[in-house]
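# Report on the structure
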Amino acid sequence: MSFDNTKIKKKIEIKDFINIIKKYNAEQIECTVHTFFRLSQKQRKIFTCEELKSILLKDVPFLVGIQNNDNYAAFYKHRNKNLKIILVIEPQKVKIVTFYYILEWQIPKI
């Protein structure tokens, strides 16, 4: 996947994103095989699918956009770091594609 695919093409208003996510319950949000691939075994014990669901359902992102590949990218302040969560939002469910901490300079300017 090239960088162009993951570049943000459209900013989404925070309130609009929250309204989209509110339509789903925890059972409709799922982690994929790909979700944890970037993490070490130790990190996999720290981050769980349940914790990611909780962030999506309860926390307020500071930035949301749609990438060129049509995935959503939601950015949160989490544990005093910047957390990027990549999502596929379908009519019946939300799939967490992957997530990772990013540095301040990696936050898109959109």
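First, a word on what this report is: a plain description of the structure on this page. Note that the coordinates shown come from a computational prediction; the quantities given were computed from them, not determined experimentally.

### With respect to unusual backbone geometry
The backbone of Asp70 shows a phi angle near 70°, a positive value even though the residue is not glycine. Inspection of the secondary structure puts Asp70 in the loop between β3 (63–67) and β4 (72–78). The phi torsion at Asn80 lies on the positive side, around 60°, for a residue other than glycine. Position of Asn80 among the secondary structure elements: in the loop between β4 and β5 (81–89).

### Looking at the pattern of salt bridges
Throughout the structure, instances matching the rule amount to seven salt bridges. The salt bridge partner of Lys15 is Asp16, with a shortest N-O separation of 3.6 Å. For Lys15, a relative accessible area of 54% puts it in the exposed group. With relative accessibility at 35%, the residue Asp16 sits in the partly exposed group. Across the pair Lys53 and Glu50 runs a salt bridge, and its minimum N-O distance is 3.6 Å. One end of the pair, Lys53, and the other, Glu50, are both in helix α4 (residues 49–58), three residues apart, so they sit about a helical turn from each other.

### Looking at the nonpolar core
Formed by 22 residues in total, the largest nonpolar core has its most connected members in Phe17, Leu56, Tyr76, Ile85 and Leu87. Breaking this core down by element, the ones donating at least two residues are α2 (14–21), α4, β3, β4, β5 and β6 (94–102). Per-element accounting of this core gives the leading share, four residues, to α4. Ignoring anything within four residues of it in the chain, the contact list for Tyr76 reads Phe17, Ile55, Leu56, Asp59, Val60, Pro61, Phe62, Lys81, Asn82, Leu83 and Ile85. Counting residues in each nonpolar core, the second largest holds eight residues, with Ile8, Ala73, Ile86 and Ile102 among its members.

Quick notes on the rules
- Each chain carries its own residue numbering, running from 1 in the direction its sequence is written.
- Restriction of local features to residues with pLDDT of at least 70 applies here, the model being predicted, together with a cutoff of 80 or more for giving and counting side-chain atom pairs; totals for whole chains, interfaces and linings are based on all residues.
- Water and hydrogen atoms were dropped before computing side-chain values, which therefore reflect all heavy atoms in the structure.
- Secondary structure elements follow DSSP: runs of H or I no shorter than four residues count as helices, runs of E no shorter than two count as strands, and numbering proceeds from the N terminus.
- Any carboxyl oxygen of Asp or Glu within 4 Å of a side-chain nitrogen of Lys or Arg constitutes a salt bridge here.
- Categorising residues by exposure relies on relative accessible area from a 1.4 Å probe, with only protein chains included: less than 20% of the type maximum marks a residue as buried, more than 50% marks it as exposed, and the intermediate range marks it as partly exposed.
- Put simply, a nonpolar core is a bunch of buried Ala, Val, Leu, Ile, Met, Phe, Trp, Tyr and Cys residues held in one set by side-chain atoms that sit within 4.5 Å of each other.
- Whether two residues are in contact is decided by their heavy atoms, any of which lying within 4.5 Å being enough.

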